[in-house]
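# Examining the three-dimensional arrangement
Residue strings, one per chain:
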Amino acid sequence: MLLRTAWRRVATAAPAAPGPRAKAPTRGLRLRGIDLTPQSAVPSDAATALEAESVLRPLYMDVQATTPLDPRVLDAMLPYLVNYYGNPHSRTHAYGWESEAAMECARQQVASLIGADPREIIFTSGATESNNIAIKELEAAIQPDTSLVSVMTVNNEIGVKQPIKEIGQICSSRKVYFHTDAAQAVGKIPLDVNDMKIDLMSISGHKIYGPKGVGAIYIRRRPRVRVEPLQSGGGQERGMRSGTVPTPLVVGLGAACEVAQQEMKYDHKRISKLAERLIQKIMTSLPDVVMNGDPEHHYPGCINLSFAYVEGESLLMALKDVALSSGSACTSASLEPSYVLRAIGTDEDLAHSSIRFGIGRFTTEEEVDYTVEKCIHHVKRLREMSPLWEMVQDGIDLKSIKWTQH
Amino acid sequence: PTQVVDHYENPRNVGSLDKTSKNVGTGLVGAPACGDVMKLQIQVDEKGKIVDARFKTFGCGSAIASSSLATEWVKGKTVEEALTIKNTDIAKELCLPPVKLHCSMLAEDAIKAALADYKLKQEPKTGEAKKK
């Protein structure tokens, strides 16, 4: 007992608290390429090392796919990767106790970001696992008329925000469980599980500048929501998710949540400005560009644009020094465009012409300007190569053409 | 694949020929809904030899490369020789992965459509070009 109290005084200093509210970190994003060959394999000499270092990497505009670690998150994690490596479920020694303390601290950080009680947060390997747990609950339901509503908070393809509060209200009044996958929303827009009457929520670490391989599920206690565990074992996480909790990863998730809470307002304002800049510049320089998704209920950092008469994958290839993603299906085996774009009623040819621009905490104005400039240049170029553009310029109505099947 | 990128960055023969001309055959294949539309045009001399070709494509990098390559290959061939160009040859030349084979097929279709259009124009009865 004395031992535990003694190290607690030391341990409270351990988790690196994120610094005072700062401006956006100024580290350069045009990272030098690092030499990934193992030391033993290649006889490294100064010259080749330097060569590898001077290779520039593309700008990163794909934050919906994943985000880089915020440096403050890495700072928080490092001690637990190097020094404080105990199993948080070990009850009998300081290594276990300090890891457990860090885990519970992280739990509190996640909880406070969404207005929940820490006892309602279960750590998982990611939002996908959380979604599976939440859906499986449906099978565990006892009453025949119990059902579950599951909605994405912010859509990952077009950035549309769903009316979560209204949906929560309806579910609560009809006694139906409400789950939301908040992977793209946590830490970016204000969320409160009680205000929005959310029963289950999935959280992903690597979407909010935290580490990959970790997430959480929020499970309401009052009124109690029962879930079936996906994996059985040692009964960790209140029996809901067995398996040793990975301390460094959850510390990272916790730190990411705390940083997000501090930076949310500032990030939102800055990202909105950059998004506005991107959209304005493109729309005023190019005709026939459509923004997909309701512009009013929209998260600014996810911009999905369709450039008519230009195919998405060819534009991505043109913008090879910017990391982007498209809603075009040419990259997948089927010729079907994105189901999201189809669902909102996008014309099929426009669905093949869409690109998603992701603006995040570390995106700079120069990166946006560069991307916009290249985009405008290449859309113009590709339109010159496009038979559809040519026909439209000649005054032909594309909808009147009988196209061949293939 | 570097070939595809090369054709994409330095496409050969982008543009249009006069589609009303009797010596020009125009093939328009594909559909915007599928994400691939190719327009291929050939200019044929009195001896039946293709002396010029142009293309325009709405499609991915592989589609652009396939149609660009098609215009290169038809030039200098007679109308009969051009009919023998196969999508498998195009795919092989560009090292297209299986998921992009349909691009080469569409390029072959485009060549055939252009040739068919040209042939139709040569018929004494119909002097008009029919857009396929």
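Below, the structure is looked at part by part. (Residues numbered from 1 in each chain as written. Chains lettered and ligands numbered in written order. Predicted model: local features only at pLDDT ≥ 70, side-chain atom pairs only at ≥ 80, totals over all residues. Heavy atoms only, no water.)

### Description of the sheet that holds strand E1 (residues 24–31) of chain B
Residue and element names in this part refer to chain B. Taken in spatial order, the three strands make up an open sheet running E1-E2-E3, and their pairing is antiparallel. Only two strands of the sheet have a single neighbouring strand rather than two, namely E1 and strand E3 (50–58). Mean inter-strand twist for the sheet, computed between neighbouring axes without regard to direction, equals 10°. Bridging between strand E2 (residues 36–44) and E3 involves eight bridges; their strand directions are antiparallel. Residue pairing across strands places Gln 41 opposite Arg 54, the latter belonging to E3. Contacts between helix H2 (residues 61–74) and the sheet are confined to E2 and E3, with E3 contributing the most and set at about 175° to the helix. (Pairing = 2+ DSSP bridges. Helix = DSSP H or I, 4+ residues; strand = E, 2+ residues; numbered from the N terminus. Axes fitted to C-alpha atoms, helices over the stretch in contact; angles between N-to-C directions. Contact = heavy atoms within 4.5 Å.)

### Quick look at the pairing of strand E3 (residues 148–152) of chain A
Residue and element names in this part refer to chain A. Sheet analysis places E3 next to strand E4 (residues 177–181), joined by five bridges and oriented parallel. Among the inter-strand pairings, Leu 148 is bridged to a residue of E4, identified as Tyr 177. On the question of chirality, the crossover connecting E3 to the parallel E4 by way of helix H6 (residues 164–173) is right-handed. (Right-handed = clockwise from strand over helix to strand, strands pointing away.)

### Things to note about the packing of aromatic side chains
All names here are of chain A. Following the criterion strictly, the structure yields four aromatic pairs over all chains and no others. Aromatic pair Tyr 209 and Phe 362: ring centres 5.4 Å apart, planes at 85°, arrangement edge-to-face. Taken together, the positions of Tyr 209 in the loop between strand E5 (200–204) and strand E6 (215–219) and Phe 362 in the loop between strand E11 (354–358) and helix H11 (365–384) put the pair 153 residues apart, joining distant regions of the chain. No difference in accessibility class separates Tyr 209 from Phe 362, as the two residues are buried. (Phe/Tyr/Trp six-rings, centres within 6.5 Å; stacked < 30°, edge-to-face > 60°. Buried < 20%, exposed > 50% of the residue type's maximum accessible area, 1.4 Å probe, protein only.)

### Section: helix H3 (residues 71–82) of chain A
Residue and element names in this part refer to chain A. Across its 12 residues, H3 extends 17 Å between first and last C-alpha, which sits within 8% of the 16 Å expected from 1.5 Å per residue. Along H3, the residues that are buried comprise Arg 72, Val 73, Ala 76, Met 77, Pro 79 and Tyr 80. The buried residues of H3 occupy an angular sector of 150° when the element is viewed end-on, so they sit on one face. Lining the buried residues of H3 we find helix H4 (94–114) and helix H7 (247–285). Measuring from the side-chain oxygen of the N-cap residue of H3 to the backbone nitrogen of Arg 72 gives 2.9 Å; that N-cap residue is Asp 70. (Expected span 1.5 Å × (residues − 1). Arc of directions from axis to C-beta. Polar contact = N/O pair within 3.5 Å; in protein donor to acceptor, adjacent residues only side chain to side chain.)

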